[in-house]
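Structural features, examined
Below are the chains, spelled out letter by letter.
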Amino acid sequence: GESVGLHLPTLSVQEGDNSIINCAYSNSASDYFIWYKQESGKGPQFIIDIRSNMDKRQGQRVTVLLNKTVKHLSLQIAATQPGDSAVYFCAVAGHTGGFKTIFGAGTRLFVKA
Amino acid sequence: IAGITQAPTSQILAAGRRMTLRCTQDMRHNAMYWYRQDLGLGLRLIHYSNTAGTTGKGEVPDGYSVSRANTDDFPLTLASAVPSQTSVYFCASSEQGADTQYFGPGTRLTVL
C-alpha cells in the first residue's frame, strides 16, 4: 500500500531564510499531492497542491516541487516568517484503490527570530 | 456557518460511556472523513464517506462507527469509550474523494 514519509521531524530556520520541507511517497500511481499547515490547536489548513502532470507550482511565498522519477516532493517557503511556525504535512492521493489520501507524519517548522 | 464545524470542542469522558462527535459542513461536499491525531503518529483515517448514504472503513476503524444520512452531517460514535481513544479528532470534507480536504477545528477527547 501507499506510504508517505517526511525526511525530518523538525526543522529550525532563521527568520528571513528559505525553508525546504521534503516528503517521499511510495506509490507511483499517485496523481495528486497536497501540502497542509497545522498551527497549534487548529486543524490542518490547505497551502498548495500539485497534480502529477506538473513538476512545479508556485503560490504566495510557497513553491511545491514534484519529482515523479524518485517519488519525492518538497515545499519551499521563501523568506520564512515567525507566522510560518507550524507542523507541515504532505498528503498523497490517487484515483485508484478507492480515492484514498495518505498523510505523512508531519514536519514541525521552528522559525528563529 | 461557513466551512466545517465540529462539536464539542473538548470532552472528558468516563471509560465505557457512549459518545458522539458531531461534524457539519455547508460546502455541499460529497466526501467526508474522520481522523484521529496522536503525537508522533500524524493523521490516521478512522472512517470516510464518499457520498451521502455510503461509508467506508479507514486505517483505524475499531471502536468507532459513523453514519451519513445526508450531505452535511457526518457524526462519529464511540459506542463504549476506552482510554486508548484519547486523542484529537478531526473531521474533514472534500468535493470528491482524493480532492483537497478541508478540516474542522478538532475535538479534543479524553477518556479516563
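This text follows the structure it describes.
Since we're looking at a predicted model, the values are computed, not measured. (Residues numbered from 1 in each chain as written. Chains lettered and ligands numbered in written order. Predicted model: local features only at pLDDT ≥ 70, side-chain atom pairs only at ≥ 80, totals over all residues. Heavy atoms only, no water.)

**Brief notes about the side chain of Gln38(A)**
- Along the polypeptide, Gln38(A) turns up in strand β4 (residues 32–38).
- Since its relative accessible area comes to 9%, Gln38(A) is described here as buried.
- Among the polar contacts listed, one links the side chain of Gln38(A) to the side chain of Gln37(B), at a separation of 2.8 Å.
- Contact partners of Gln38(A), with chain neighbours within four places excluded, come to Gly43(A), Pro44(A), Ala86(A), Val87(A), Phe89(A), Gln37(B) and Phe90(B). (Helix = DSSP H or I, 4+ residues; strand = E, 2+ residues; numbered from the N terminus. Buried < 20%, exposed > 50% of the residue type's maximum accessible area, 1.4 Å probe, protein only. Polar contact = N/O pair within 3.5 Å; in protein donor to acceptor, adjacent residues only side chain to side chain. Contact = heavy atoms within 4.5 Å.)

**Quick look at the nonpolar core**
- One finds Tyr25(A), Phe33(A), Trp35(A), Leu73(A), Leu75(A), Tyr88(A) and Leu109(A) to be the most contacted residues of the largest nonpolar core, which totals 22 residues.
- Sorting the residues of this core by element identifies β2 (10–14), β3 (19–25), β4, β5 (45–51), β7 (62–67), β8 (72–77), β9 (86–93) and β11 (107–112) of chain A as the ones contributing at least two each.
- It is β9(A) that contributes the most residues to this core, four residues altogether.
- Core analysis: the next-biggest nonpolar cluster, separate from the first, contains 19 residues, Leu13(B), Leu21(B), Phe74(B) and Val111(B) among them. (Core = buried A, V, L, I, M, F, W, Y, C linked by side-chain atoms within 4.5 Å.)

**Some points on the pairing of β5(A)**
Residue and element names in this part refer to chain A.
- Here β4 pairs with β5 via six bridges, running antiparallel. Bridge pairing in β5 links tyrosine 36 to phenylalanine 46.
- Count of turn residues in the β4/β5 antiparallel hairpin: six residues, of which glycine 41 carries a positive phi of about 80 degrees. (Pairing = 2+ DSSP bridges.)

**Regarding the interface of chain A and chain B**
- Counting residues at the interface gives 19 residues for chain A and 14 residues for chain B.
- For the pair chain A and chain B, the two sides together bury roughly 1300 Å², of which 55% comes from carbon and sulfur.
- On inspection of chain A and its partner chain B, the count reaches zero salt bridges.
- The interface formed by chain A and chain B includes three residue pairs in polar contact (both at pLDDT 80 or more).
- Contributing elements (two or more residues each) for the side of chain A that touches chain B: β4, β5, β9 and β10 (101–103) of chain A. (Buried area = accessible area lost by both parts, 1.4 Å probe. Salt bridge = Lys/Arg side-chain N within 4 Å of Asp/Glu carboxyl O.)

**Structural notes on the pattern of salt bridges**
- By the definition in use, this model includes six salt bridges over all chains.
- Connected through salt bridges with shared partners, the residues Arg36(B), Asp38(B) and Arg44(B) form a single ionic network.

**Side note on the state of the cysteines**
- Tallied over the full model, the rule gives two disulfides over all chains.
- With its sulfur 1.8 Å from that of its partner, Cys23(A) forms a disulfide with Cys90(A). Taking the torsion about the S-S bond as the criterion, the Cys23(A) to Cys90(A) disulfide, at about 40 degrees, is right-handed. Of the two residues, Cys23(A) sits in strand β3 while Cys90(A) sits in strand β9, which places them 67 residues apart along the sequence. An identical accessibility class is assigned to Cys23(A) and Cys90(A); each is buried.
- Here Cys23(B) pairs with Cys91(B) through a disulfide, and the sulfurs are 1.9 Å apart. (Disulfide = S-S within 2.5 Å.)

These values are about where atoms sit, not about what they do.
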